[in-house]
Each structure stands twice: as C-alpha cells, then as structure tokens.
Amino acid sequence: MTATAPARLRHLVAGTLRASASDETIASVNPSDRDDVLSLVPVGDATDVRLAVEAAQAALPGWRDTSGPARARLLHDWAAVIDARAGELADAMVREVGKPIAEARGEVARCIVLLRYYAGEAVREIGEVIPAQQSASLQFTLREPLGVVALITPWNFPLAIPLWKAAPALAFGNTVVLKPSELSSFTASLLGETAMAAGIPAGVFNLVYGSGVTVGEPLIECEAVRAVSFTGSTRVGARVAALAAGRNIRFQTEMGGKNVAIVLPDADVEQAAALVAGGAMRFAGQKCTATSRVVVAGAVEEAFLAALRRQVEGMPLGPVTDPAAAVGPMITAAARDGVSRTLVEADAEPLFSIPVPANGGYERGNFLAPTVVRGAADADLAQRELFAPVLWVLRARDVDEAISIANGTRYGLSASLFTRDLRSALSYIRRIEAGMVRVNGDTTGVDPHAPFGGVKGSSSGSREQGPAAREF
Ligand code: NDP
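Below or above, wherever it landed, is the structure these notes cover. (Residues numbered from 1 in each chain as written. Predicted model: local features only at pLDDT ≥ 70, side-chain atom pairs only at ≥ 80, totals over all residues. Heavy atoms only, no water.)

1. Quick notes on the layout of surface pockets
- Approximately 1100 Å³ is the volume found for the largest pocket.
- What lines the largest pocket is a set of 39 residues, and nearest its centre among them are Trp155, Gly232, Ser233, Arg235 and Val236.
- Mapped by element, the contributors of at least two residues to the lining of the largest pocket are α7 (212–221), β9 (225–231), α8 (234–247) and α11 (333–345).
- Size it by volume and the second largest pocket reaches roughly 580 Å³.
- Glu144, Pro145, Phe172, Asn174 and Arg470 are the residues nearest the centre of the second largest pocket, which is lined by 30 residues in total.
- Within the residue set of the lining of the second largest pocket, elements represented by two or more residues are α2 (68–84), β6 (148–152), α5 (160–171), β10 (250–254) and α15 (468–471).
- In terms of residue count, α5 provides more of the lining of the second largest pocket than any other element does, 5 residues in total. (1 Å grid on protein atoms, 1.4 Å probe; cavity = no way out; pocket = protein on both sides within 12 Å on 5 of 7 lines; lining within 4 Å. Points joined across faces, edges and corners; volume = space filled by probe spheres on them. Helix = DSSP H or I, 4+ residues; strand = E, 2+ residues; numbered from the N terminus.)

2. Quick notes on the site of the ligand
- The ligand sits among 30 residues. The nearest are Glu217, Ser233, Met255, Cys288 and Glu385.
- Backbone polar atom of glutamate 182 to an oxygen atom of the ligand: 2.9 Å apart, as the coordinates give it.
- Contacts to the ligand include methionine 255, whose backbone N or O atom sits 2.7 Å from a nitrogen atom.
- Placement of the ligand is best described as lying within the largest pocket.
- Classifying every residue of the shell around the ligand by side-chain character gives 13 nonpolar, 11 polar and 6 charged. (Near = heavy atom within 4 Å. Polar contact = N/O pair within 3.5 Å; in protein donor to acceptor, adjacent residues only side chain to side chain. Sits in = over half its atoms within 2 Å of the grid points. Nonpolar A, V, L, I, M, F, W, Y, C, P; charged D, E, K, R; others polar.)

3. So, the packing of aromatic side chains
- In the structure shown here, the tally under the stated rule is 6 aromatic pairs.
- Judged by centre distance (5.4 Å) and plane angle (75 degrees), the ring pair of tryptophan 78 and phenylalanine 205 falls under edge-to-face. Here tryptophan 78 is found in helix α2, whereas its partner phenylalanine 205 is found in strand β8 (residues 205–207), with 127 residues between them in sequence. For the residue pair tryptophan 78 and phenylalanine 205, the accessibility class agrees, reading buried in each case.
- Plain terms: the ring middles of tryptophan 155 and phenylalanine 387 are 5.8 Å apart, the flat faces sit at 80 degrees to each other, and that makes the pair edge-to-face. Of the two residues, tryptophan 155 is situated in the loop between β6 and α5 and phenylalanine 387 in the loop between α12 (380–383) and β15 (390–396); the sequence distance between them amounts to 232 residues.
- What makes tryptophan 155 buried here is its relative accessible area of 11%.
- Aromatic ring contacts, followed pair by pair, group Trp155, Phe283 and Phe387 into a single cluster.
- Over the face of the ring belonging to phenylalanine 157 we find lysine 99, whose NZ or CZ atom lies 3.7 Å from the ring centre. (Phe/Tyr/Trp six-rings, centres within 6.5 Å; stacked < 30°, edge-to-face > 60°. Buried < 20%, exposed > 50% of the residue type's maximum accessible area, 1.4 Å probe, protein only. Lys NZ or Arg CZ within 6 Å of the ring centre and 35° of its normal.)

And the structure:
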C-alpha cells in the first residue's frame, strides 16, 4: 500500500465544497499502517452545521416536488456512478478502516443494490384510498416527506450505513445532512463526490465532518431538522434519543450488540464452527452483528471447540489488501490496547488465540490476536460489547438453559441457532430475544431487502432497510 499526501477534506454544503469555520483538523490514519495518514478531517462546528441545514432546507421544496420517477432516475444514476468507481471506493475502506478487501467490495456491491431498491420504492404508491362514510366523498391518505433529516453514522460500514439511511430518505422526498464518524470521513467524502457526479441536486445531500459533540449534537438541535437516523454505540444512541425526544422530532437509533450463536447437540458441528468463526473474527469482530458469544448445549462442546480452532487458525489476519484476508486490524491502537488490557484482567479461561506476527508490517498496524475464552455468562466480558476479535464460550446443559443464557444480556441485535431439527428451530427462534435470528447461518450479514434492527438495548425499535425504511 503506497502512502499518498493526506487530502484535506471540506464539507459538502449546497453542492459545493466549503472550508470549515475552524482550522482545527484531526488526522485519519490507516489502521494497518499507522504511518499512513489518509486525510485531515475538519472539526466542524455549529456554524458549519447551520449552513448545511440551511442548504438542506432551501433544497427541500424543489426535491419534495420532484416526481417519484425523476427521483428514481437520479438514484439509479447514483448507483451507476458508484459501480463505475467501485474499485476506488473499496480501496478507500481498506485503507481508512482496515476492512479486508473482499468485504469492502461486498459493501460497495450492497450500496448499488440499496440504491436500486430505493429507486424502485420511489415510484410505488404513496397512500391509500379509504372508503368514506358519505358515498360522494373520496377519502385518501398521502405520505409526505419529514423534511430535513440528520444522519449520524459509525465508522465500520462507512458507505453502506450512510447510504441505507440516505437512499430511502431521498427516495421519499426528504433532504439530508450526514455527519459521518471522524474515523471514516475520507470514505464519506468519496460518497459525497459520487452523489454530485450523479446529479443529485445541490443541497439535497450535505455532508459535515467533525465530532459527535461539535457537529452531531448541534445538528440534532437545529430547528429545521425534523428527524434523526443514528447508528452507533448504545451509550451515544441513548444521548441522541434523549436530544431528539426533547425536541419532539422523530428518531431511530440502531445500536450495539452482544450477539450469540447457540449450538445444539444435533448441530452439524463443522458447519457451526465455520460460521461462528467467521461471524466472530471477520473484520476483527467490528460489526454490530458480530458473534461475540457462543453457547454450546450438551455433549458437543469438545468436538465444536476443536473444529472452531481449526477454522480460526485457517483465517488469514492480513494484509487486508489480499483477497484472502479475513480478520484485519482494529480501528485504532487505543481500541486494541483497551481490549488487550481487559483480556488480561478478565476472569476467563483462555482456550486459544492466534498470535499476531511480530514483524512483516504487522507491527505498524492495530492487530489483535483472534482470541477464544470460556467463562461465566454474567462475567463483565460476557456482557459488554468489545467490538474486537474475541469470542466468549459458554456451556449449557440443554436447550432451555442455552436460550436463557443467550437472552441474559442487555442487548438483542442478532442471534443464530445451529440445529438439524428445523421443526424445533421454528419454535426456539421465537424464544430468542433478538431482532434478527438465523438458523444455521452466522449472526452477521444483512439482506438489504429485509427490515434490519434489534430489540432491548440494541435499538429504539423502528426498523431500517427494506419496506421498513418507508415507515420511518
Ligand atoms: P459511536 O457511538 O462512538 O459513534 C457513532 C456516531 O455518533 C459517530 O458519528 C460519532 O461521532 C457520533 N457521536 C458521538 N457522540 C455523539 C453525540 N453526543 N451526539 C451525536 N452524535 C455523536 O460508534 P462507533 O462509530 O464507534 O461505531 C461502533 C458502534 O456502532 C458499535 O457499538 C456497533 O455495535 C454500533 N453499530 C451498530 C449497528 C446497528 O445497525 N445496530 C451497525 C454498525 C455499528 P464521532 O465518533 O466522530 O465523534
């Protein structure tokens, strides 16, 4: 990977690139090579936010009155631009957030699907006719856009999450201001470029960089902002929800997880081990849906752990530019060091870990050894989202105890169940407290056509993607 001079980003406001009100910047650094600085990200402030929201508000009447088919054409054009720049966009994610190239390419492909799906939604019906009490009346409902929508997004899916919020918002006639994570702002800047290249009208899609405190909160507080769609940690999501509720505007918060796989005695152990290993370790466990706990019920534990170890040992750590790479680095050295310390102090029985090579370039990246430990269900590490390649193994006597352990956290995003008995599976999945449950599949991966979201501390309840985005 060759380091190039860092790009100095500028906010995208009303279709033009604007210097920040303040000169302050933070460096965006390659997690695989801390010597490689990609960009200098402006630390925006309330002035930058105000200008972007004013631009979004000014663009609203024109965009709201643009016909559904015309909006659909622009979303199709956006998909085509992304398709044409797919390689560059994937490379940006590899370099900025350390995403293995195969997954980065998959994320770009998903963005194209998302845009085409919502282009289709833009031309569907926008209300219903309801029989009226008086026969001479025509009674109908009309869906209308909310107005200016604030999008606040995390770093781990730097293209897909901004797009799965922006595409439906735009399809249904809203204008948006996106505040991406400071750690993925370079990739967000390329997304802004593709929107402009596709001809999305000035002011319809705006982008302001900066921290949650300097940009995120002022954005939610802006009078003209009528809704907030947030994805990130449960801690920050609670703050976002409180601010939005205080203003009585609509919000959705999709948050953290402590996702579980349950392996039942009749499971195909080799298949379960392969999918649990992938769900736990790919992209260094930094997906909201990553498998961070596995509950093994009954007598299969020994066979499962042996198969799991073979699978994890077979997953290349990096370099992330190699199509075979599966794991990759953690986002920052501070995050890696924090998890390392926690593991040393944890009340856990280490089962195995795959050491990070001491040289060969790995020493310049934020790599953490993929680690599997066993311990109690109520231990701190079995309860807390680590966002790291760490899997916590739990034992259960039977399926009832396994489900009870699985449900014993404050989170409820995704879960998986491994069994050959599909009849029982259909009853067990209803007892698992998670927004999404897969049978004989891993906890990660989302189908852009299906509603996505969690329960309990993982979500405020409204769903994203698929037809659910329209309801929000
Ligand atoms: P954070 O919660 O730290 O940040 C998310 C976004 O919120 C960032 O843009 C951040 O800005 C911003 N933010 C921070 N503080 C505030 C605030 N006070 N007001 C408004 N906005 C604020 O999450 P991460 O970026 O670290 O992402 C990882 C987390 O996201 C994990 O918990 C993961 O589970 C979750 N996630 C959930 C998904 C889901 O769909 N359920 C999908 C993907 C990730 P900045 O960081 O620039 O300051």
